[in-house]
Amino acid sequence: GTHGSLEFMPGKQVGMSGTCYPDRLINSLPSAYLYAANNPSEATIAKRRSYSATVSYLTPPAENAGLYKGLKELKELIASFQGLRGNEGRG
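These lines cover the structure that appears in this document, whether it is placed above or below. It should be emphasised that the depicted structure is a prediction, and the values quoted were computed from it without experimental measurement. (Residues numbered from 1 in each chain as written. Predicted model: local features only at pLDDT ≥ 70, side-chain atom pairs only at ≥ 80, totals over all residues. Heavy atoms only, no water.)

1. So, the overall build of the protein
For the record, the criterion: Under the DSSP-based scheme used, a helix requires at least four consecutive residues in state H or I and a strand at least two consecutive residues in state E, with every element numbered from the N terminus. Exposure categories follow from relative accessible area, calculated using a 1.4 Å probe and restricted to protein chains: below 20% of the type maximum is buried, above 50% is exposed, and the middle band is partly exposed. In what follows, residue pairs with any heavy atoms lying within 4.5 Å of each other are defined as contacts. All accessibility values rest on the Shrake-Rupley procedure with a 1.4 Å probe; residue burial counts only the protein chains present in the view.
A count of helices and strands for the protein gives 3 helices and 2 strands. Element order for the protein, N to C, with α for helix and β for strand: α-β-α-β-α. Residues classed as buried in the protein amount to 20% of the 91 residues present. When contacts within the protein are restricted to residue pairs at least 6 apart in sequence, those whose partners lie at least 24 apart make up 41%. For the protein, the exposed area adds up to about 7,200 Å²; of that, 58% sits on carbon and sulfur atoms.

This is the structure:
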């Protein structure tokens, strides 16, 4: 995930006081969170509610890994079967 539970604890949204859970839990400990650059709202909540220093990073690119081993063959067999079923009404 991109966040911890500290910023979602009970208490005020802004102007935290000693009775708010984030203040009670973090006290004077430093808080640093890494946030994906495509999720700025959660970083804002962490800064506001748990005094976090935020570091943004870009989400790494992802590539479709495709199917492997017997799954590729199974997919081809299912596609072949579905093709045959589609042709049943044609004669």
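Next, the rest of the story.
2. Side note on helix α2 (residues 40-50)
What counts, and what does not: Note that the arc is defined by the directions from the helix axis to the C-beta atoms.
Among the residues of α2, Glu42, Ala43, Ala46, Arg49 and Ser50 are the ones counted as buried. Take α2 and look down its axis: the buried residues cluster within an arc of 150 degrees, on one side only. Phi for Tyr51, located one or two positions after α2, is positive at around 55 degrees.

3. Side note on a nonpolar patch on the surface
Heads up, the condition is: Patch membership is restricted to residues that have no salt bridge and whose relative accessible area is over 30%. Joining uses 9 Å for like charges and 5 Å for the nonpolar side chains Val, Leu, Ile, Met, Phe, Trp and Tyr. Salt bridge, as used here: a side-chain nitrogen of Lys or Arg that lies within 4 Å of a carboxyl oxygen of Asp or Glu.
On the surface, a nonpolar cluster with roughly 480 Å² of combined accessible area is contributed by Leu67, Tyr68, Leu71, Leu74 and Ile78. Within the secondary structure, Ile78 sits in helix α3 (residues 70-86). Look at Ile78 and you get partly exposed, because its relative accessible area is 41%.

4. Brief notes about the environment of Gln13
Tracing the backbone through its elements, the reader meets Gln13 in the segment before α1 (21-26). Sequence separation between Gln13 and Arg48 is 35 residues; the distance between their C-alpha atoms is 7.6 Å. For Gln13, the contacting residues outside a window of four places in its chain are Arg48 and Arg49.

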